[in-house]
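Residues per chain, in single letters:
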Amino acid sequence: MSLSADIEQPDDPGARGPSKRAVEIVVSLILIGLAAAVLYDSYGRGAGWNGGPESGFFPARVGWIFLAGSLFLLVQAFREPPAIFATWSQLLMVAKVFGPLALFVVLVEPLGIYAAAAIFTAVFMPIVGGARWYTVIATSVLVPLVCFVVFEIEFLVPLPKGPLEAMFGY
Amino acid sequence: MDDFSALLAGFQVALSWHNVGFMIVGVLLGIVVGVLPGLGGPNGVAILLPLTFGMDPTSAIILLSSIYWGALFGGAITSILFNIPGEAWSVATTFDGYPMAQEGRAGEALTAAFTASFIGAISGVLLITFVAPLVAKFALRFGPAEFFAVFLLTFCSFIGMGKDNRIKILVSLCIGFLLAGVGMDTISGDLRMTFDVAELMRGFDFLVVVIGLFGVSEIFLTVEEGLAFKGKKAAIDLKVVLRTWAGLPRYWATLIRSSIVGMWMGVTPGGAIAASFMGYGLAKRFSKRGDNFGKGEIEGVLAPETAAHAAGTAALLPMLALGIPGSATAAVLLGGLMIWGLQPGPMLFVEQKDFVWGLIASMYLGNVAGLLIVLATVPLFAAIMRIPFAIVAPIILVVCAIGAYTVGNSIFDIWLMLLFGVVGYVFKKLGFPLAPMVLALVLGDRAEDAFRQALLGSGGSLNVFWANGLVTTLVVLSAILLFWGPLSDLVGWARSRGQGKPALGAAE
């Protein structure tokens, strides 16, 4: 499988990547930001007592604990022993999945989920590699088709449909 | 005995043709879900849950819980044949399972794993049968303050007993609570934490979050690790099965020990993952052949599998009796109960007798069916693992997206799924546990309601949380559990300093 061959190449630059500490710091900063947003929102609506707990009462208290925890994580992050989060080549592999997947979600709205799934599969498989062209075509036709039969016809679950399905009268 | 006749009636419900059919379909789907990376117990149940909205609740939960059993069984297949744990709780199974497969004893290892799973599950179900009604009866006396205290107990034991960084568990819980709070507040009608984004008005549905956190992120991790599936061949015939079974009674002590560990870890939300490692660690320490562990010792397969399955099953006890799930999958099932219009909690045993006992009966039958099916179909499922990842991954992702969409018929949910996929990937890499987040997300609203009602009743005074013996006991227990972990760390640290070497057994 060429998927594994891509990764197992023992190249030195590939062993580098963003440091775990940096990622920890960024994540804890994001969490602190979220905690601040929660507190801002809760106190904005009222987090006190007005004949009963106001709607911000509980979130505000959780928000304070959350803020304290996130601040602690930030401190902890600085004391993190040096290690890498993931190598750049690993992150590239993740991006190769993320990219087509994001494209898929964009296409669901205009094309419907089935056509988008076909395009997604057809784009995804060559990018990740390891499949011949006829497998790619067969998979990208069969997967949406089977999904269509299962969900639209068997279980009567309405999924987003686009112009293609309209052509066939669905 | 009143409960006994209820259980018999439950068997009648569960043994109807279409429920047995759902059981078989569920187990098969569950094995697929357990075998494939990127689909797991919580995620598989979450994807299928929307399809059951129109079904009779009893049939629906039989289908979904059978998926759960199947996933528990399926995890062992990949661990033993491919050295790839399909589920986190089967990591410990790889330690001895894969070496056995390498020696050509795959059939024996698989039979042992499935049988151990079965024994673990049945002990969990027995626990549920006899203890759950008592717990539920006891819990009928609970008021809002007591319920909040039980929630507190759950969350504190997560933090105290967890194996991850405790601050990360805490933060993970907080995120779950806050996500649960987003959207319309049921009591005041206020829009909370939506920041004027119309799509957030509905809040975050836990199913979408689960599909992202457990499904999409798992695919990211799989490609990152660049897994090449190179499996061992497995042939199970009746002779191997019978020979393995004949050898099992020798390991009764391990089986019983692991069952107890598993049941304990499942009821307190330590979870199947921790249970499997604990079962393995204890078996290694107590076994006469402990030195052989890791080299293909059958006991090393039996111990973690029994514990994991016992925990996975016992996790349903607090879910049924108290409405508090002991694992991520149980949390998803609990969410299902609410969607089907059942109010989880102790009243379930009073108001929905048929449902509860039908479910309990189906646990016995589902596990028997699971054991037989899994023994018969191993080669088939091993073949699934040989399908190239390039084909499997898009199928899983498309199914995840469909699952996320069907929850609320909203394309925005698919975006959320993608977002939580990335969050799950980063969190897993950084060692944030995901189960507490899901648990808090599912329970958040109910914990908050209990908290508010308790405070309303007392006029805002926190004294209500130590107003009577019961609630005080629960709160004190929570505090003990919360500080148990940090204190034992401290003791271990002090001892290792005193002796100048790391404390023995700290790894377990």
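Keep in mind that what you see is a predicted model, and the values were worked out from it rather than measured.

## Observations concerning the overall build of chain A
Moving on, step 1. Counting its secondary structure elements, chain A contains seven helices and zero strands.
Moving on, step 2. Listed by position from the N terminus, the elements making up chain A come as α-α-α-α-α-α-α.
Moving on, step 3. For 170 residues, the compact-globule estimate of 2.2 N^0.38 gives 15 Å, and chain A exceeds it by more than 25% at 24 Å.
Moving on, step 4. Counting only C-alpha atoms, chain A reaches 60 × 55 × 25 Å along its principal axes.
Moving on, step 5. The 170 residues of chain A split such that 31% are buried.

## With respect to the overall build of chain B
Moving on, step 1. If you tally the helices and strands in chain B, you get 21 helices and two strands.
Moving on, step 2. Once the C-alpha set of chain B is aligned to its principal axes, its extents read approximately 70 × 60 × 55 Å.
Moving on, step 3. Here chain B holds 508 residues, and the buried ones make up 62% of them.
Moving on, step 4. In chain B, of all internal contacts separated by at least 6 residues, the share reaching a separation of at least 24 is 78%.

## What to know about the interface of chain B and chain A
Moving on, step 1. Each partner contributes to the interface: chain B provides 46 residues, whereas chain A provides 59 residues.
Moving on, step 2. The set of elements that each furnish at least two residues to the side of chain B that touches chain A consists of helix H8 (166-181), helix H9 (206-225), helix H18 (389-408), helix H19 (411-430) and helix H20 (435-458) of chain B.
Moving on, step 3. In terms of residue count, H18 of chain B provides more of the side of chain B that touches chain A than any other element does, twelve residues in total.
Moving on, step 4. Residue composition of the side of chain B that touches chain A, by class: 34 nonpolar, five polar and seven charged.

## Regarding the UniProt feature "domain: DUF1468" (unreviewed entry) in chain A
Moving on, step 1. As annotated in UniProt, the feature "domain: DUF1468" (unreviewed entry) corresponds to residues 26-160 of chain A in the numbering used here.
Moving on, step 2. Across residues 26-160 of chain A one finds 77% helix and 0% strand; the C-alpha atoms that close the span lie 36 Å apart.

## Details of the environment of Val97 of chain A
Moving on, step 1. Of note, Val97 of chain A is situated in helix H4 (residues 88-111).
Moving on, step 2. Take Val97 of chain A: there are 23 C-beta atoms within 10 Å of it, and that puts it in the buried class.
Moving on, step 3. Ignoring anything within four residues of it in the chain, the contact list for Val97 of chain A reads Ile219, Phe220 and Val223 of chain B.

## Examining the UniProt feature "transmembrane region" (unreviewed entry) in chain A
Residue and element names in this part refer to chain A.
Moving on, step 1. With numbering matched to this structure, UniProt assigns "transmembrane region" (unreviewed entry) to residues 21-40, 60-78, 98-127 and 133-157.
Moving on, step 2. Along residues 98-127 one finds 97% helix and 0% strand; the C-alpha atoms at either end are 11 Å apart.
Moving on, step 3. End C-alpha atoms of residues 133-157 are separated by 32 Å, and the span's content is 88% helix alongside 0% strand.

## Re helix H17 (residues 353-384) of chain B
Moving on, step 1. The end-to-end C-alpha separation of H17 of chain B is 40 Å, well short of the 46 Å expected for 32 residues at 1.5 Å each.
Moving on, step 2. At Thr377 of chain B, H17 of chain B shows its maximal kink, close to 65°; a proline, Pro379 of chain B, follows between one and four residues later.

## Concerning the domain arrangement of chain A
Moving on, step 1. Under the domain assignment used here, chain A contains domain 1 (13-78) and domain 2 (89-167).
Moving on, step 2. The distance between the C-alpha centroids of domain 1 of chain A and domain 2 of chain A comes to 36 Å.

## Looking at the confidence of the model for chain B
Detailed reading of the predicted coordinates is not advisable wherever pLDDT falls low.
Residues and elements named next belong to chain B.
Moving on, step 1. Per-residue confidence for chain B gives a mean pLDDT of 81; residues scoring 70 or more make up 92%.
Moving on, step 2. Ranking the elements of chain B by mean pLDDT puts helix H12 (residues 271-286) last, at 76, and H19 first, at 93.
Moving on, step 3. Residue range residues 500-508 is modelled with pLDDT below 50. Its contacts to residues more than four positions away, or to other chains, number ten contacts.
Moving on, step 4. If you check the scores for this complex, the pTM reads 0.81 and the ipTM reads 0.88.

## Re the nonpolar core
Moving on, step 1. Within the largest apolar cluster, 222 residues are counted, with the highest numbers of intra-cluster contacts made by Ala401, Met417 and Val438 of chain B.
Moving on, step 2. Each of domain 1 (13-78) and domain 2 (89-167) of chain A gives at least three residues to this core.
Moving on, step 3. Apart from the residues within four sequence positions on either side, Ala401 of chain B is in contact with Phe104 and Ile113 of chain A together with Ile414 and Met417 of chain B.

## What to know about the environment of Ile77 of chain B
Residue and element names in this part refer to chain B.
Moving on, step 1. Along the chain, Ile77 turns up in helix H4 (residues 57-82).
Moving on, step 2. Residue Ile77 is classed as buried on the basis of its 30 C-beta neighbours within 10 Å.
Moving on, step 3. Distance in space between the C-alpha atoms of Ile77 and Leu380 is 11 Å, their sequence separation being 303 residues.

## Let's talk about the packing of H4 of chain A against H19 of chain B
Moving on, step 1. Axis separation between H4 of chain A and H19 of chain B bottoms out at 10 Å; the angle between their running directions is 175°. Between H4 of chain A and H19 of chain B, the angle is such that the two are roughly antiparallel. Contacts from Leu101, Ala102, Val105, Val108 and Glu109 of chain A in H4 of chain A reach Ile411, Ile414, Trp415 and Leu418 of chain B in H19 of chain B.
Moving on, step 2. Taken together, the residues of the contact of H4 of chain A with H19 of chain B break down into eight nonpolar, no polar and one charged.

So, how was this worked out
Numbers given to residues run from 1 along each chain, matching the order in which its sequence is written. Working convention: letters from A go to chains and numbers from 1 go to ligands, in the order in which they are written. In keeping with the predicted nature of the model, local features appear solely for residues at pLDDT of at least 70, side-chain atom pairs appear and are counted solely at 80 or more, and the whole-chain, interface and lining totals rest on all residues. In this text, helices come from DSSP runs of H or I with a minimum length of four residues, and strands from runs of E with a minimum of two, each type numbered from the N-terminal end. The atom set for the radius of gyration is the C-alpha atoms, and the globule formula is 2.2 Å times the number of residues raised to the power 0.38. Working definition of burial: number of other C-beta atoms within 10 Å of the residue's own, with buried at 20 or more, exposed at 12 or fewer, and partly exposed in between, all C-beta atoms being placed from the backbone. Contact between two residues is assigned when their C-beta atoms, built from the backbone, lie within 7 Å. In this classification, the charged set is Asp, Glu, Lys and Arg, the nonpolar set is Ala, Val, Leu, Ile, Met, Phe, Trp, Tyr, Cys and Pro, and all remaining amino acids, among them Gly, are polar. UniProt positions are given in the numbering used here, feature names are shortened, and annotations may be inferred rather than shown by experiment. A helix's residues, less one, multiplied by 1.5 Å, set its expected span. Two axes enter the bend calculation: one fitted to the seven residues ending at the residue in question, the other to the seven starting there, and the bend is the angle between them. The split into domains, and so the bounds of each, comes from an automatic or database assignment of domains. The predictor reports its confidence for every residue as pLDDT, a score running from 0 up to 100. Core membership is restricted to buried Ala, Val, Leu, Ile, Met, Phe, Trp, Tyr and Cys residues, and these are joined into a nonpolar core through C-beta atoms within 7 Å. Only the stretch in contact is used when fitting a helix axis, every axis being a line fitted to C-alpha atoms; angles between N-to-C directions are given from 0 to 180 degrees. With respect to orientation, any angle under 35 degrees is reported as roughly parallel, any angle over 145 as roughly antiparallel, any angle of 65 to 115 as roughly perpendicular, and every other angle as oblique.

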